[in-house]
Amino acid sequence: MGSGKRICITGTGSYLPERIMTNQDLEKLVDTTDEWIETRTGIKERHIAAADEPTSAMAAEAGKRALVDAGVAVEDVDVIICATITPDRILPSTACYTQHRIGAKNAFCFDVAAACSGFLYALKTAEGLLVANGYKTALVIGAEKMSAFIDWEDRGTCVLFGDGAGAVVLTVGDDSDAGSRGLLSSVIKSDGEYTDLLTYPAGGSETPASEETLKDKLHFLKMGGNTVFKHAVRCMGAAAEEAVSKAGLTKDDIDCVIPHQANLRIIQAISDRIDIPLGRFYNNLERVGNTTAASVPLALDEALKNGRVKKGDKVLFVVFGGGFTWGATVVEI
Ligand code: ACO
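Since this is a predicted model, take the numbers as computed values, not measurements. (Residues numbered from 1 in each chain as written. Predicted model: local features only at pLDDT ≥ 70, side-chain atom pairs only at ≥ 80, totals over all residues. Heavy atoms only, no water.)

Caption draft 1: Structural detail: the overall build of the protein chain. Broken down by element type, the protein chain carries 11 helices and 13 strands. Taken against the 2.2 N^0.38 rule, which gives 20 Å for 333 residues, the C-alpha radius of gyration of the protein chain at 19 Å falls within 12% of a compact globule. Dimensions of the protein chain, computed from C-alpha atoms along their principal axes, come out at roughly 60 × 45 × 35 Å. Expressed as a percentage of the 333 residues in the protein chain, the buried residues total 53%. At a minimum sequence separation of 6, the contacts of the protein chain that also span at least 24 residues come to 77%. The centroid of the 34 positive side-chain charges in the protein chain is displaced by 2 Å from the centroid of its 45 negative side-chain charges. (Helix = DSSP H or I, 4+ residues; strand = E, 2+ residues; numbered from the N terminus. Rg over C-alpha atoms; globule rule 2.2 N^0.38 Å. Buried < 20%, exposed > 50% of the residue type's maximum accessible area, 1.4 Å probe, protein only. Contact = heavy atoms within 4.5 Å. Lys, Arg positive; Asp, Glu negative; His and termini not counted. Charge placed at Lys NZ, Arg CZ, Asp CG, Glu CD.)

Right under this line is the structure:
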């Protein structure tokens, strides 16, 4: 990194709502089958938040768990960044709601909207604040209530997504400290040419909410799944390779890959492309579906808690989402 500072993940936490919706449950809602969903995506079930459980409630729970895991007092949090495309409200930020829920009085708070790539964008932003701006502790959260933005009559999207949250505590170490080497490299990219392929068409300043937009269901997520699929494989593969080489490593040094959990076929294609066997990937999409910005931190927390990822491991995160946005980060845990 060159600054002498190392930015380390010192705690993780996650939260999944209690209610589970299986593929069989979806068979009763739309014209689909368990077999189609599982073979096309790898997903078997997902968690769905309660009606009175907004995104910030899940973000706060994951955040609190990460702070306990890190042994950091809530007053010591300097910044909360929440990656989400399903905010409690457009105004104010979900990070501010989360701050209030956890009582992090001394933090400044803002959201990052980069769809399924949001967590890596937030991580990169937090790293910059800690390296260059003198802050010491960041709480970086990915949290989504996708179920509130899904058209439950659209079988092309409603079978894919789930709700949940994941969080990490980032703190500053320096080169004299023992322990983790922290964030080693990241590659963050966007291409605004494809904004229409993953979008909520209405409800913003371009097409404000109206009776007509409600009738036409333009507030729900629309996705050109097939084109997204092809771009995801190409972009994630290239970003993963670039991040590994930027970290001065080779693919053989990577102990675990935690990819965005959108589709097992995408993950298989990335594994083939970057030549790291699927066995070295950590996947939980079978149980949680695509939780958008929560996907990577949720999987990371699980992998640490169940021993799949251990202290000292080098982990590669790789993501792709609406925008288009994509990226990869290598971290030594
Ligand atoms: N059940 C049964 N049939 C279905 C369903 C369903 N749930 N959904 C679609 N089909 C049908 C289609 O209508 C189509 O039928 P047709 O051939 O008669 O027209 C057929 O299945 C094939 O549809 P495709 O869209 O071509 O299916 P595909 O194999 O591409 O899988 C999927 C669709 C799962 C959405 C895939 O394209 C995908 O995973 N895309 C990428 C998603 C992603 O990575 N998103 C990025 C992150 S999301 C974010 O940023 C918020």
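Caption draft 2: Molecular detail of the site of the ligand. Around the ligand there are 29 residues in total, and Thr32, Arg40, Cys116, Asn226 and Asn263 lie nearest to it. Interatomic distance of 2.6 Å between a side-chain N/O atom of Arg40 and an oxygen atom of the ligand. Between an oxygen atom of the ligand and a side-chain N or O atom of Arg265, the distance comes to 2.9 Å. Against a free-state accessible area of 1,000 Å², the protein chains account for coverage of 75% of the ligand. Elements that contribute at least two residues to the shell around the ligand include exactly helix H2 (34-41), helix H6 (155-158), helix H8 (225-246), helix H9 (264-274) and strand S12 (314-321). Here the element with the most residues in the shell around the ligand is H8; it accounts for four residues. Classifying every residue of the shell around the ligand by side-chain character gives 14 nonpolar, 11 polar and four charged. Counting contributing residues, the shell around the ligand receives three or more from each of domain 1 (5-174) and domain 2 (182-332). (Near = heavy atom within 4 Å. Polar contact = N/O pair within 3.5 Å; in protein donor to acceptor, adjacent residues only side chain to side chain. Areas by Shrake-Rupley, 256 points an atom, 1.4 Å probe, with all protein chains shown as cover. Nonpolar A, V, L, I, M, F, W, Y, C, P; charged D, E, K, R; others polar. Domains from an automatic or database assignment.)

Caption draft 3: Representation of the side chain of Thr98. Assignment of secondary structure puts Thr98 in helix H4 (residues 94-102). Excluding residues that lie within four positions of it along the chain, Thr98 makes contacts with Ser56, Ala59, Ala60 and Ile141.

Caption draft 4: Representation of the pattern of salt bridges within the structure. Following the criterion strictly, the structure yields 16 salt bridges and no others. Across the pair Lys217 and Asp151 runs a salt bridge whose closest N-O atoms are separated by 2.8 Å. Residue Lys217 is located in the loop between helix H7 (211-215) and strand S10 (222-223), and its partner Asp151 is located in the loop between strand S6 (137-145) and H6; the two are separated by 66 residues in the primary sequence. Beyond isolated ion pairs, a larger network of salt bridges with shared partners links Glu38, Lys44 and Glu286. (Salt bridge = Lys/Arg side-chain N within 4 Å of Asp/Glu carboxyl O.)

Caption draft 5: The sheet that holds strand S11 (residues 256-259), seen in detail. Pairing within the open sheet is mixed, and its four strands lie in the order S8-S13-S12-S11. Each having just a single partner strand, strand S8 (182-190) and S11 make up the two edges of the open sheet. Each neighbouring strand pair of the sheet contributes to a mean axis angle of 10 degrees, computed without reference to strand direction. Pairing of S12 with strand S13 (residues 325-332) involves eight bridges; the strand directions are antiparallel. Across the sheet, the residue bridging to Phe320 is Trp326, located in S13. Where helix H5 (residues 118-132) meets the sheet, it contacts S8, S12 and S13, and its direction lies at approximately 125 degrees from that of S8. (Pairing = 2+ DSSP bridges. Axes fitted to C-alpha atoms, helices over the stretch in contact; angles between N-to-C directions.)

Caption draft 6: Representation of helix H3 (residues 55-70). Taking 1.5 Å per residue as the helical rise, H3 with its 16 residues ought to reach 22 Å, and the 22 Å between its terminal C-alpha atoms agrees with that figure. Burial in H3 covers these residues: Thr55, Ser56, Ala57, Met58, Ala59, Ala60, Ala62, Gly63, Ala66 and Leu67. (Expected span 1.5 Å × (residues − 1).)

Caption draft 7: Layout of the packing of H8 against H9. It is at 9 Å that the axes of H8 and H9 come closest, and there the two elements cross at 40 degrees. Relative to H9, the element H8 lies oblique. The way H8 lies across H9 gives a crossing that is right-handed. In this structure, H8 contributes Phe229, Ala232, Val233, Arg234, Met236, Gly237, Ala238, Ala240 and Glu241 to the contact, and H9 contributes Arg265, Ile266, Ala269, Ile270, Arg273 and Ile274. For the contact of H8 with H9, the class distribution of residues is 10 nonpolar, one polar and four charged. (Parallel < 35°, antiparallel > 145°, perpendicular 65-115°, else oblique. Left-handed = near helix turned anticlockwise from the far one by under 90°.)

Caption draft 8: Geometry of helix H11 (residues 295-305). In terms of burial, H11 is a largely internal element, nine of the 11 residues being buried. For H11, every residue scored as buried is listed here: Ser295, Val296, Pro297, Leu298, Ala299, Leu300, Asp301, Glu302 and Ala303. Downstream of H11 by one or two residues, Gly307 has phi in the positive range, about 85 degrees.

Caption draft 9: Molecular detail of the side chain of Ser93. On the secondary structure map, Ser93 appears in the loop between strand S4 (79-83) and H4. Look past the residues within four positions of Ser93 in its chain and what remains in contact with it is Cys109, Phe110 and Asp111.

Caption draft 10: Representation of the pairing of S11 in the model. Where burial is concerned, the two faces of S11 agree: the one with Cys256 and Ile258 and the one with Val257 and Pro259 are both buried. When S11 meets S12, the two strands line up parallel, connected through four bridges. Following the sheet pairing, Pro259 is matched in S12 by Val318.

Everything listed is a geometric property; what it means functionally is a separate question.
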